[in-house]
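In case you want the letters, here they are:
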Amino acid sequence: MTTTNTTDEQLDDSHGFFQFAAFTDSDDDGEDGLFNATRDRTVAFDAEAINYTPRVDEDRWYDASSNTQSVGEWLSQHGGLDEITYTVQRMYFAKEYDRACSLCKQTVVEFVMSKQHKGEGNRRKNEVLRVATLREILEIGAKSAIRIGDLESVRFFYDWYLQCGGKNPGYNYFLAEALTALGRHEEVLAQYVEYLSERRQDAIVWELLGKTIVALYNTSSTIGGEDSSVVAAHGIMWLRLALGAFYRSHSMIIACKNWKDIPVAVNRKRLQEDGLQKSVKSTLDILFARRQGTQWDDGSGSCDRNVIWDTCIKESIKFGNNDEAAFLDSCHTQQLRSSVEWIVSRLASDRDKDMTSEDEDDDCSAGENVAEL
């Protein structure tokens, strides 16, 4: 074997450690220019002379594609599914709900079925249903169908979305939204309980939970099955349970320290509070109407905000052991009973924490007063 003696300078040169210096600028002093100031490479141009229009706004390809070819042909093209997703998004935000719903439905059928035929039956179908883009199309389709009151399409998208599966709050929230449109309030309640098990501090969902309980009360045949006496005996309890959920939502809004001072945030908070207050007021009206036609306000139709919430606190559900057992017995299915048990325990736990914090606040304030004296 032959060996070659190589100097350090040759080794450095062969590995290119100094070769990059040949591509740099050098000044008059013979320096290599490696550490000199970077040259100004700013290019001057007239911004007004640029005439550029994004393709999406110029030829509306997404609109043309949906009119000139079948969904199957569109899907077969490179990026076809992504283009369809973008198209239904544009349609939804343009309030073209009929078109968005129709295109979503065609896409689901074509995409899933075509992939299933190319694969291995149900195994391939299950893989396709896990595609995130397909979930988005199902969600947009369902929301569009809800907007136009097309319950058949809502059921179609709900059934497909259910097959996608999932264990996250967003999955539960969407299912609850679709089930609400279908009037399946008992299942809605279960989905909101699943959601709140993960995100207990969501004020909006606590309000929706209260509205669902009121809807359950209004469909009295659901509560207690065919036994109307059970509904009559415990109907007030359902209304008081709803008030407890509403007050929980109100407490979260008040306690939140992250509201911004910008107009958009202030307006959103006001709208959220006003909507919640309206729900409480209508529930109190129903509750007091059951009590021999009594009224809780002055009957003028307008009531002070503090009076509304003070009445809500007073009337929200507070169980004794016997009351709770009898109320839970009015739940005619195990699913409904489990949901109600979770809500009652959660409200009781939160109420105990509030009482504890109030006691601590009283002790602190007393200590501050003594310090001041």
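Structural data are supplied above this passage.
Fair warning: this is a prediction, and the values are worked out from it, not measured in the lab. Note that residues are indexed from 1 along each chain, following the sequence as it is written. The predicted origin of the model limits local features to residues at a pLDDT of at least 70 and limits the giving and counting of side-chain atom pairs to 80 or more, whereas totals for whole chains, interfaces and linings rest on all residues. The side-chain values count all of the structure's non-hydrogen atoms but skip hydrogen atoms and water molecules.

Asks: Report on helix H15 (residues 305-315), specifying residues and quantitative values.
Replies: Residues of H15 that are buried: Ile308, Trp309, Thr311, Cys312 and Glu315. Taken down its axis, H15 places every buried residue within 160° of arc, on the same side. Seen from the buried face of H15, the exposed residues on the opposite side, beyond 90 degrees, are Asn306, Asp310 and Lys314. For each residue, the accessible area found with a 1.4 Å probe, counting protein chains only, is set against the maximum for its type, and the residue is called buried under 20%, exposed over 50%, and partly exposed in between. The secondary structure listing takes helices from DSSP runs of H or I that are at least 4 residues long and strands from runs of E that are at least 2 residues long, numbered from the N terminus. Picture the helix axis, draw a direction to every C-beta atom, and the arc is the one those directions span.

Asks: Quick rundown of helix H14 (residues 263-290)? Include the residues and the values.
Replies: To estimate how far a helix should reach, multiply one less than its number of residues by 1.5 Å. For H14, built from 28 residues, the straight-helix expectation of 40 Å at 1.5 Å per residue is met to within 8% by its first-to-last C-alpha distance of 41 Å. Among all positions in H14, only Ala265, Gln272, Glu273, Leu276, Gln277, Ser279, Val280, Lys281, Thr283, Leu284, Leu287 and Phe288 are buried.

Asks: Outline the packing of helix H12 (residues 203-218) against H14, listing residues and values.
Replies: Put simply, H12 and H14 touch, their axes get as near as 11 Å, and they point 25° apart. The angle between H12 and H14 places the two elements in the roughly parallel class. In this structure, the crossing between H12 and H14 has a hand that is left-handed. Every residue of H14 that contacts H12 at Ala203, Ile204, Glu207, Lys211, Val214 and Tyr217 is listed here: Arg268, Gln272, Gly275, Leu276, Ser279, Thr283, Ile286 and Arg290. For this classification, the nonpolar set comprises Ala, Val, Leu, Ile, Met, Phe, Trp, Tyr, Cys and Pro, the charged set comprises Asp, Glu, Lys and Arg, and every other residue, Gly included, is treated as polar. For the contact of H12 with H14, the class distribution of residues is six nonpolar, four polar and four charged. Fitted lines through C-alpha atoms give the axes, limited to the stretch in contact for helices. The angle between two N-to-C directions lies from 0 to 180 degrees. For classification purposes, angles smaller than 35 degrees are called roughly parallel, those larger than 145 roughly antiparallel, those between 65 and 115 roughly perpendicular, and all remaining angles oblique. What makes a crossing left-handed is the near helix being turned counterclockwise from the far one by less than a right angle; a clockwise turn instead makes it right-handed. The contact definition used throughout considers only heavy atoms, calling two residues in contact when any of these lie within 4.5 Å.

These figures come from the coordinates and say nothing about function on their own.
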